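# Remarks on the overall topology
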Amino acid sequence: MKSLRSIATIAIATLGLFCAGASYAAPDATRLGSSTPLAAMHKDKKVTCKGCHEEKNQEKIVVDDNETVVNATCVECHGTLAEMAKEKKEHLTPHQSHLGLMNCTSCHSGHSQSKTYCNNCHTFDMPIPGGTAAIKRVKPVPADSRPVEKTDIIVIGAGAAGFTAAITAHDGGAKVILLEKQPITGGNSALSAGGMNATETAFQKKKGIKDSVDVMIQDTMKGGGNHNNPELVRILATQSASSVDWLTSIGADISDIGQMAGATNYRTHRPTGGAAVGAHITKVLKKNAADRKIDVRVNSKVLKLVEDGKGKVIGVVVEGKHSGTYTILAKAVVMAAGGFSANQTLVGQYQPQFVGMTTSNQPGATGDGMLIGEQGGGQLIDMKEIQIHPTVAAGSRILITEAVRGNGAILINRNGKRFVNELTTRDKASQAVLAQPGGSAFLVFDSVIHKSLKQIDGYFELGLVKEGATLAELAQAMGAPADTLAQSLDTYNKAFEAKKDAEFGRADLPRAIRTPKFYAIEIKPGIHYTMGGLQINAETQVIGKHGQPIPGFYAAGEVTGGVHGKNRLGGNSISETITFGRIAGANALKAVKNSK
Ligand code: MEZ
């Protein structure tokens, strides 16, 4: 296929993104329509429908839900995302994002309006060449036209929990289909910043960090207001070290360790240099799924569970973007479809005062998995426990990781005053920020803290950081009184020297803030995580409304409730996805084996 590329002239930038000179037959202009923007651009370059769409039975032009052929053709002509990013020589390019490998068609569309996927969370000015108008799709495939498929295990949701369950079940010998409604995989996990909590790990031991399962349990229970399911918390802590080992064994680097709010000890594992954990482990999980040829389907939304009439879950009904509605039958179904922070209606139903607040979540976090699970007989618990993260960059959806505070940043209000223990739990820190003038505050740090955490580089690239060569300059950039800011930092630095924060009782004071330049990021609280969801037991079986496990139905990750109680500790989410994803995959596998 590379040969095609070698005869293609790659025309990027002003001419748009299309393949020129490829040896395709003349297009059928009546079908493409003269106003088709991207398709028309290709038509001009003599690329026909067949260049992008698979032909079946000599006449049917079909597109599978992964849009495999069209994406392969894009890559053939334009190069891979990595190659395109290199060619553009831009630092910030849509072709090289933290979302990792994704389909070209996630943004570019020949038959409907193209849309920059990144702008679901960002507001980049990135018009897509040829992507401004919309026409109807060429040939919609009629619904219900596909035969019933069969597999061993269906996993719903391709975030970290879903990938982990799918890989675990596959490695035990099961045939797995992993379904994702979004055009890209990764879910919220791909956005996860701070790290993965784990205790008694080899990495902690190597660094001489003393921690224990019992202390992680105590921290997690305390953080959750003791409302957590203690059995699930024990599993989270006890199995966290083996989850780190498992991730490491499949190629992840989570050897750096930091501290998150509410944690007694350093136990938040993240990539070397303090890079974001989510993008990294998502890349690793995706690669492992691809290497194993696991059947991963994007643009595939599960509509409902199929039940056998006696309460056992035996499959799902799926709506594919192109393939229409179809059914897959399986011996077990694992729900891993995430939370509902991006669903304002559902958030409003449980916490009306949060409506209108920004969210750090990806747009697919709408809680469908919970509702589908409930319709399938599952019990929802703790739905009103919705977490507000204290530090989302003001006016955006960009989470400023708690690791910035963990590495030493402090919170300062617009009067230049520190007002809270930055490492208290999120619920308390968020309330404290909301109580400040303007309902916002600034994360303040210096060049030493900046250098200690790779993730901060990204905030500079996104233009979120105000700076000053002196504290007075920074105060001016923040619009805060210089003398008060200087006084606040002086008091904090004295607390650092004394190793005692008499003002707010912050236990960990890792760095002083006194090395220019000085920096500030304005933050506001945003909806970050939904603690409630489907009730599960220690085997990750979904519990039905009468308290009994539903046969054939498992769940893991944010779609479940119980692990975090009223408030999740930072770093416990990725930990939960891997540990409970592994348990769900292993137990679904057992169900398959028992059914034989
Ligand atoms: O687990 C989280 O939600 C987390 C660590 C977030 C963050 O601030 O980075």
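Residues numbered from 1 in each chain as written. Predicted model: local features only at pLDDT ≥ 70, side-chain atom pairs only at ≥ 80, totals over all residues. Heavy atoms only, no water.

### Brief notes about the sheet that holds strand β10 (residues 268-270)
Pairing is antiparallel in the open sheet, where three strands are placed in the order β8-β10-β9. Looking at the sheet topology across the chains shown, the edges are occupied by β8 (196-197) and β9 (256-258). Across two bridges, the pairing between β8 and β10 is antiparallel. Its bridge partner being in β10, Asn197 is matched across the sheet by Thr268. (Pairing = 2+ DSSP bridges. Helix = DSSP H or I, 4+ residues; strand = E, 2+ residues; numbered from the N terminus.)

### Topic: the packing of helix α7 (residues 160-171) against helix α12 (residues 277-291)
Two elements in contact, α7 and α12, have axes separated by 10 Å at closest approach and are oriented at 30 degrees. Here the hand of the crossing between α7 and α12 comes out left-handed. Together, Ala160, Phe163, Thr164 and Ile167 of α7 and Ile281, Leu285, Lys286, Asn288 and Ala289 of α12 make up the contact between the two elements. Of the residues in the contact of α7 with α12, the class split is six nonpolar, two polar and one charged. (Axes fitted to C-alpha atoms, helices over the stretch in contact; angles between N-to-C directions. Left-handed = near helix turned anticlockwise from the far one by under 90°. Contact = heavy atoms within 4.5 Å. Nonpolar A, V, L, I, M, F, W, Y, C, P; charged D, E, K, R; others polar.)

### Side note on α12
In this model α12 runs 21 Å from its N-terminal to its C-terminal C-alpha over 15 residues, within 8% of the 21 Å that 1.5 Å per residue would give. Within the sequence span of α12, burial applies to Val277, Gly278, Ile281, Thr282, Val284, Leu285, Lys286, Asn288 and Ala289. Looking at the buried residues of α12, the elements they touch are α7, β8, α11 (240-249), β10, β11 (295-297) and α21 (572-594). Once α12 finishes, Lys293 follows within two positions and takes phi at roughly 55 degrees, a positive value. (Expected span 1.5 Å × (residues − 1). Buried < 20%, exposed > 50% of the residue type's maximum accessible area, 1.4 Å probe, protein only.)

### Remarks on the sheet that holds strand β14 (residues 324-329)
Strand-to-strand pairing in sheets goes through backbone hydrogen bonds, with the strands running parallel or antiparallel. Judged by pairing direction, the sheet is mixed, and its four strands sit side by side in the order β5-β14-β13-β12 without closing on themselves. Both edges of this open sheet fall to β5 (149-150) and β12 (300-307), since each of them pairs with a single strand only. The pairing of strand β13 (residues 313-320) with β14 spans six bridges and is antiparallel. Pairing of Val316 across the sheet is with Ile328, part of β14.

### Some thoughts on the pairing of strand β15 (residues 332-335)
On β15, burial covers both faces: Ala332 and Val334 on one face and Val333 and Met335 on the other are all buried. The pairing of strand β6 (residues 153-156) with β15 spans four bridges and is parallel. In the strand pairing of β15, Val155 is matched with Val334. The sheet contact formed by β15 and strand β24 (residues 549-555) spans three bridges and is parallel.

### Considerations on the site of the ligand
Around the ligand, the neighbouring residues are Ala193, Gly194, Met260, His389, Leu399, Thr401, Glu402, Arg426, His528, Arg568, Gly570 and Gly571. Residue Arg426 places a side-chain N or O atom 2.9 Å away from an oxygen atom belonging to the ligand. Here an oxygen atom of the ligand and a side-chain polar atom of His528 are 2.7 Å apart. Coverage of the ligand by the protein chains reaches 98% of its 270 Å² of free accessible surface. Of the residues in the shell around the ligand, the class split is three nonpolar, six polar and three charged. (Near = heavy atom within 4 Å. Polar contact = N/O pair within 3.5 Å; in protein donor to acceptor, adjacent residues only side chain to side chain. Areas by Shrake-Rupley, 256 points an atom, 1.4 Å probe, with all protein chains shown as cover.)

### Thoughts on the packing of α11 against α21
The description of two packed helices rests on the angle between their axes and on the distance between the axes. Interhelical geometry of α11 versus α21 gives an angle of 85 degrees and a closest axis separation of 9 Å. When the interaxial angle is binned, α11 and α21 end up roughly perpendicular. Contacts between α11 and α21 pair Ser240, Ser242, Ser243, Trp246 and Leu247 from the former with Ser575, Ile578, Thr579 and Arg582 from the latter. Tallied by class, residues from the contact of α11 with α21 come to three nonpolar, five polar and one charged. (Parallel < 35°, antiparallel > 145°, perpendicular 65-115°, else oblique.)

### Describing unusual backbone geometry
Here the bond from Pro516 into Lys517 is cis, since omega is 0 degrees, no more than 30 degrees from zero. As for its position among the elements, Lys517 is in the loop between α20 (482-498) and β21 (518-530). The backbone of Lys293 sits at a positive phi, close to 55 degrees, despite the residue not being glycine. Note that Lys293 resides in the loop between α12 and β11. Non-glycine residue Asp382 carries a positive phi angle of around 55 degrees. The topology assignment puts Asp382 in the loop between β16 (380-381) and β17 (386-393).

### Details of the pairing of strand β7 (residues 176-179)
Side-chain alternation along β7 places Val176 and Leu178 on one buried face and Ile177 and Leu179 on a second face that is also buried. Bridging between β6 and β7 involves four bridges; their strand directions are parallel. Following the sheet pairing, Val155 is matched in β7 by Leu178.

### Describing the packing of aromatic side chains
Taken as a whole and assessed by the stated rule, the structure comprises three aromatic pairs. Plain terms: the ring middles of Phe445 and Tyr519 are 5.5 Å apart, the flat faces sit at 35 degrees to each other, and that makes the pair tilted. With Phe445 in strand β19 (residues 441-446) and Tyr519 in strand β21, this residue pair connects regions lying 74 residues apart in the sequence. For Phe445, a relative accessible area of 0% gives the class buried. According to the relative accessible area criterion, Tyr519 is buried, its value standing at 7%. Ring-pair connections join several aromatic residues into one group, and the members of that group are Phe445, Phe460 and Tyr519. Here Arg568 stacks its cationic end above the ring of Tyr529, 4.0 Å away from the centre of that ring. (Phe/Tyr/Trp six-rings, centres within 6.5 Å; stacked < 30°, edge-to-face > 60°. Lys NZ or Arg CZ within 6 Å of the ring centre and 35° of its normal.)

### Considering the side chain of Glu422
Assignment of secondary structure puts Glu422 in the loop between β18 (410-412) and α16 (426-434). Judged by relative accessible area, Glu422 falls into the buried class, the value being 0%. A polar contact is formed between the side chain of Glu422 and the side chain of Arg418, at a distance of 2.8 Å. Those residues within four positions of Glu422 in sequence are excluded, and the remaining contacts are Arg405, Ala409, Ile410, Leu411 and Arg506.

### Section: the confidence of the model for the protein
Within the protein, residue pLDDT values average 89, and 89% of them lie at 70 or more. The element-level mean pLDDT for the protein is lowest in strand β1 (residues 9-11), coming to 27, with β6 highest at 99. Low pLDDT (under 50) marks residues 1-35, which in the prediction has 78 contacts with non-local residues, meaning those over four places away or in another chain. (pLDDT = per-residue confidence, 0-100.)

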